[in-house]
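So you can see what is in the structure, the chains are spelled out below.
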Amino acid sequence: MAVRSSSTNFISSESSSSSDSGTIHNQKYRYDVFLSFRGPDTRNSFVDHLYSHLSRKGIFVFKDDQKLHKGESISSQLLQAIKDSRVSIIVFSQNYASSTWCLDEMAAVADFQQQSNQTVFPVFYDVDPSDVRYQNGVYENSFVLHTEKFKEDPDKVDRWKRAMNGFANSAGWDVRNKPEFEIIVEIVEEVIKTMGHKFSGFVDDLIGIQPGVQELEDKLRLRSNIDDVQVLGIWGMSGIGKTTHAAALYDKISHRFDGSCFIENVSKLHRDGGRTAVHKQIISQTFPGERLDTDDPVKISGIVKHRLHNMKVLVVLDSVVDSELLDDLAIKPELFFKGSRMVITTTDEHILKAYKAPVIIHKVSLLNDNDARTLFCTKAFKSEEQSSSCAEMIPEVLKYAQCLPLAIRVMGSFLCTREAFEWKQVLDRLKKSPDNKIMGVLQISVDGLQYEEKEIFLHIACFFKGEREDYVKRILDCCGLYSQIGIKRLIEKSLITIRDQEILIHDMLQELGKKMVRDQSPEEPGSRSRIWLHKDFFHVLTTETGTEHVKAIVLDKKEDISECSVDGLSKMKKLTLLILYHNNFSGSLHYLSDRLKYLLWHDYPFASLPPYFTASNLVELNMPNSRIKRLWEGRKSCPYLKRIDLSNSIFLTETPDFSGIVNLERLDLSGCTNLLQVHSSMGFLKNLAFLNLRYCCSLVMITFHCVTDMRSLKVLHLSGCNKLESTPDFTRTPNLEYLDMDECTSLSSIHESIRVLSNLTFFSLRGCTELDSIPAEINSLASLQTLDLCGCSKLNPKLDPNLNSRELWIRRGAARDLPLSSDLKSLIFLDLGSCNLYALPGAIGELRCLERLNLQGNNLTSIPGSIRKLHCLAYLNLSHSSLLRALPHLPMGGATSGGKYFKTVSGSRDHRSGLYLFYCPMKVHTSFKPGIWSLELVWFFRLIQEPYHFRCGFDIVIPWGLKIPRWFSDTFEGDSIKRIVKFNVTEDWFGFAFCVIFELNNDPGVASSSSQSHPFYLSFESEYTEEYFDMPLSLNVNQTNESKKHIWIIYISREHCHFVKTGAHITFKAEPCVKIYAWGMRSIFRQDVPAFEMMKLGNPFPLQTDVHRPYFGSVEKSNTNSGPKFQLPYNWLLSEEDKDEKVSVEVKENNLSHAGL
């Protein structure tokens, strides 16, 4: 028997032989090491430490509690794991022999060792090797019991004894009375040596890397039968571990190939020695021992091509920095032998995309928080014991490193053995001056950028981290920096990322950018190209030192600045970008740089622009909330100016002369409450696409003069212009798409030229209380999708109650002249709420695309029967129609063209579909058969059958009695709280329906509280959160002449029925003004749809079977979850379909963002 001591390097012939290498080389393995051990003895001690150290070296270990999958046969999977491992380590402990599982495992290892010469390392942990060899001592009793237990199968026990004897005679480690750490280090080194790993010996602490390497291996599809050549690109920012991933992957899979090579930093090798140097490395590594008899580059290149074409190889090219290198090497996938693999690591995604073959691209992620902490601790502390004072500062260190492996390693190594006060000093210093080693590695990616790309990188690092992508691109374009290709290159170079439309940059890269600017002049901010700190800005202004170098100033709006003289700003002759949010300046601003291209100054404190500022290169002028009275005197030529924003500049009385800024595309004067007139030269603005005059409440008239056509104008905001008496003449603006005239309370007429707006999609006159008619020309608006007339109360004349019946009929008939016809073929949304209407035109049914119709708060007594033709209708609101006496057939079927509303309006998934008859008379006459065709059931199943009619859910509110509809299978008292304890979820399950009978009490003593954001809602309450489905209608009503009892029916689709899984407490909650009588619920299945169809033939709606009903548990009020809850709408979770639709809508909106839509 040979037993290893701490100084032993002997490897017995049983464990390793020269013949092994060929066997191992040709065998395909899934794991590097198989660990056999007795769990209770060593799982949480020796084995756990051994497993951790092996993993840190990039060695893939099978450990049964880590790798076994639930539901699989343990014995068969263990057997396969043994066969799939290159090395086995058996840890013999005191209770190892008591486990038949362990003994079977050991015997299987012995069998496979004989079959394939697998290397096996025995470890004797707290057990004498002789006890293992002869099965005596601590093992004797176990084998006595096994012999008795398996006396019918004596060969089983004999097999265990033979295996145990053989391993005890092999070289191994006796761990008794020796430092475990030293033994573990020696075992790991021997494993590395046995497997011939190229990198594991010097790449330390591969923490958090195994999942990534496994993903890389899976992407290479090594286990498939496909013989195609695969190219894998490993991409990520500098310092993130691309080379480490590639090295660990190489060590894990290189044995599967006939030849392999790993060319480290191939770009440097190519730069120093050219193509021939790289080719020589490929030959020397792939064909070790082969000597080249020539230095001829052409011959060497031919040898490479010939050899790669005739053997299965793995080629790794590390740190490729440009595409030209790959072209020069001429190593193309079509030259490789079948089954070969090529791996490229790079910081530039474009290199991989531009390669002349398909590349599988893998982006390396940052470490997670746990792995980042573990990696740091292995570097910063020599042992597992950590100084408490130092440990307290670990979160601060990790916050600085931001999970970047390079930064964690460098900082951990530097802080190792240092005292706590030194840690603090180092952290304070890093905040001012980042580590040069880290910055040097990151700098490599920036050095390869073009001038414009580097300028964009510095702008983002200094100014725009976390800002919206479209906003930043606009600024960059103003500065002439070609944002589209520039931003894309920074993403490809792993310098920035885009998430949720925001530009993000790693803190280390941001520090690099700021350091590059600081290094331009370490002591004098006025000699740097960019200023972002308030203290530097204050210094430059007070010392007037920023005369020749400062190109961009962007200050954080969240920080205050001390009052200082603005004179220094006039001295900055090269300033091209200026963004300020402050007004506490003294002195006078006489000049701004003629190079200025983008100007944003919130709360600009002066009455006009500087008198000597030519603005000749200005592209955007943004001064919201300014004190400007007049922008400039006379005419100014600004040929590049595209945007002006003077919104909420309440001292502005007149606009500038526009004749010198004919390329203006956007003009925002909203909130300029003292603006009296718009300069007549506006007619020259042939490129103007967006004009916002919202709440310019001193404007009496808007005129588009006849100088030229304003065909580019797409958006016109005039809402809140309460002195405006008529709309403009639209003859010169035929391409208008969006017209908003809400709350123009003096507006009495609409100009007949409205007919020319054939592209208009949105037209709102909401709250125009003096508007008394809609011209028939509105039917010419063939593209109109939204028409909002809510609150236009003069559209129908107020009727004198003393009129005789004939006069009353004639005047009410006038409402039928509301000009609506089938020519409005695109209309999706029509709001006629609170228009004082007594009747609707019969042509309402010709609006075949109409999906949402609001008629609440009118004096309607009936609805035209033609409404049944509106097959796309998903929202109908007739609430507060106190005179309503009859309802016709409502639409029964759906139309496949429906659902456009949700695809065109942002946030529309939160807009309800439904039917609302809140505070309508109880006895509304309908055409439905009593007891069979109930109104709520017809509308409910109409929407269920056509899911494109709604998003996430819908609801119905109608007058009702005290009895819950029979089709609700489970009913409860009003204050009941339930939770689902069991429910049979199948593919046929659609969702859940809920209902509640409620009544309002508006007596003063129980009035609703305005402080409640959700006065009445369906609640799903968990320990920390509460999801809700709230009542969409106002509960403040004064009518008392009709019954106040209603039923509220709710449907929630299955994707949003989170309460089924969470066991949330289900109930209805309301303010004191709402009395809840009872509520119920029912699961909706596919089978319910044909049952509804049978109901239309006269059959009653069937009761629900038990198999489809949920099982409930009651919750006592005293046991409900107490304390404040984080409230979420029931549809907070976006499904994949919702996400796709959201992205699609956002793309459309972004395309119109320049126009403010």
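See the structure above.
These lines cover the structure that appears in this document, whether it is placed above or below. All chains use their own residue numbering, which begins from 1 and follows the written sequence. Note on the predicted model: pLDDT of at least 70 is required for a residue's local features to be given, and 80 or more for side-chain atom pairs to be given and counted; whole-chain, interface and lining totals, by contrast, use all residues. As a rule here, side-chain values cover all heavy atoms of the structure and leave hydrogens and water aside.

**Observations regarding the overall build of the chain**
Step number 1: Each helix and strand counted, the chain has 33 helices and 42 strands in total.
Step number 2: Whether a residue is buried, partly exposed or exposed follows from its accessible area with a 1.4 Å probe, protein chains only, as a fraction of its type maximum: under 20%, in between, or over 50%, in that order. For the chain, the residues scored as buried account for 54% of the 1157 residues in total.
Step number 3: At a minimum sequence separation of 6, the contacts of the chain that also span at least 24 residues come to 67%.
Step number 4: Only the protein chains shown count as cover for residues, and the accessible areas themselves come from Shrake-Rupley with a 1.4 Å probe. Taken as a whole, the chain presents about 50,600 Å² of accessible surface, with 48% of it coming from carbon and sulfur. Strands are runs of DSSP state E lasting at least two residues, helices are runs of H or I lasting at least four, and both sets are numbered from the N terminus onward. The criterion used for residue contact is that any of the two residues' heavy atoms lie within 4.5 Å.

**Some details on the sheet that holds strand β7 (residues 230-235)**
Step number 1: Ordered by their spatial adjacency, five strands build an open sheet running β8-β9-β10-β7-β11, and the pairing between neighbours is parallel. Every interior strand has two partners, whereas the edge strands, β8 (259-263) and β11 (360-363), have only one. Averaged over all adjacent pairs, the angle separating strand axes in this sheet is 15°, with direction ignored.
Step number 2: Of the pairings in the sheet, the one linking β7 to strand β10 (residues 341-346) comprises six bridges and is parallel in character. Directly across from glutamine 230, in β10, lies its bridge partner arginine 341. Pairing between strands is defined by DSSP: at least two bridges between the two strands are required. Convention adopted: a line fitted to C-alpha atoms gives each axis, helices being fitted over their contacting stretch, and angles between N-to-C directions are expressed from 0 to 180 degrees.

**Thoughts on empty space enclosed by the protein**
Step number 1: Buried and open spaces are told apart on a 1 Å grid over the protein atoms alone, a cavity being a set of points where a 1.4 Å probe fits but cannot get out and a pocket being an open set with protein on both sides within 12 Å along at least five of seven lines. Residues with an atom within 4 Å of a point are the lining residues. Grid points are joined across faces, edges and corners, and a volume is the space filled by probe spheres set on the points. Counted under the stated rule, the structure contains three cavities of 30 Å³ or more.
Step number 2: In this structure, the largest cavity occupies an estimated 50 Å³ of space.
Step number 3: Around the largest cavity, the lining residues are Val410, Met411, Phe414, Val426, Arg429, Leu430 and Asp435.
Step number 4: For the lining of the largest cavity, the secondary-structure elements that each account for two or more residues are α20 (405-415) and α21 (420-432).
Step number 5: Charged residues are taken to be Asp, Glu, Lys and Arg, nonpolar residues to be Ala, Val, Leu, Ile, Met, Phe, Trp, Tyr, Cys and Pro, and polar residues to be all remaining types, Gly included. In terms of residue class, the lining of the largest cavity is built from five nonpolar, no polar and two charged.

**Considerations on the packing of helix α3 (residues 46-56) against helix α10 (residues 180-195)**
Between two packed helices, both the angle of their axes relative to each other and the distance between the axes serve to describe the pair.
Step number 1: Packing of α3 against α10 leaves a shortest axis separation of 10 Å and a crossing angle of 45°. As summarised for this structure, α3 and α10 are arranged oblique, according to the angle between their axes. Here α3 and α10 pass one another in a crossing that is right-handed. Two secondary-structure elements touch here, α3 through Phe46, His49, Leu50, His53 and Leu54 and α10 through Glu180, Phe181, Ile184, Ile187, Val188 and Val191. Orientation is classified from the angle alone, with under 35 degrees giving roughly parallel, over 145 giving roughly antiparallel, 65 to 115 giving roughly perpendicular, and any other angle giving oblique. Working rule for handedness: look at the near helix, and if it is turned counterclockwise from the far one by less than a right angle, call the crossing left-handed; if clockwise, right-handed.

**A word on a negative patch on the surface**
Step number 1: What goes into a patch is any residue over 30% in relative accessible area without a salt bridge, connected to like charges within 9 Å or, for nonpolar side chains (Val, Leu, Ile, Met, Phe, Trp, Tyr), within 5 Å. Should a side-chain nitrogen of Lys or Arg be within 4 Å of a carboxyl oxygen of Asp or Glu, the pair is scored as a salt bridge. Asp and Glu are treated as the negative residues and Lys and Arg as the positive ones, with His and the ends of the chain left uncounted. Charged groups are reduced to one reference atom each: NZ for lysine, CZ for arginine, CG for aspartic acid, CD for glutamic acid. Residues Glu467, Asp500, Glu502, Asp556, Glu559 and Asp560 make up a contiguous surface patch of negative charge.
Step number 2: With respect to the element layout, glutamate 559 can be found in the loop between β15 (552-554) and β16 (564-565).
Step number 3: Glutamate 559 sits in the partly exposed class, given a relative accessible area of 37%.

**Let's talk about helix α30 (residues 935-945)**
Step number 1: Burial within α30 is extensive, with 10 of its 11 residues counted as buried.
Step number 2: Every buried residue of α30 is listed here: Leu935, Glu936, Leu937, Val938, Trp939, Phe940, Phe941, Arg942, Leu943 and Ile944.

**Examining the packing of aromatic side chains**
Step number 1: Within 6.5 Å between ring centres, the rings of Phe, Tyr and Trp (the latter by its six-membered ring) count as paired, and their orientation is classed by plane angle as stacked under 30 degrees, edge-to-face over 60, tilted in between. A full pass over the atoms with the stated rule returns 50 aromatic pairs.
Step number 2: Taking the centre distance of 5.5 Å and the plane angle of 80° together, the rings of phenylalanine 585 and tryptophan 601 count as edge-to-face. Pair noted here: phenylalanine 585 is in strand β18 (residues 585-586) and tryptophan 601 is in strand β19 (residues 598-601), with a separation of 16 residues, a long-range link.
Step number 3: When its relative accessible area of 10% is taken as the criterion, phenylalanine 585 is described as buried.
Step number 4: Taking relative accessible area as the criterion, tryptophan 601 reaches 0% and is therefore assigned buried.

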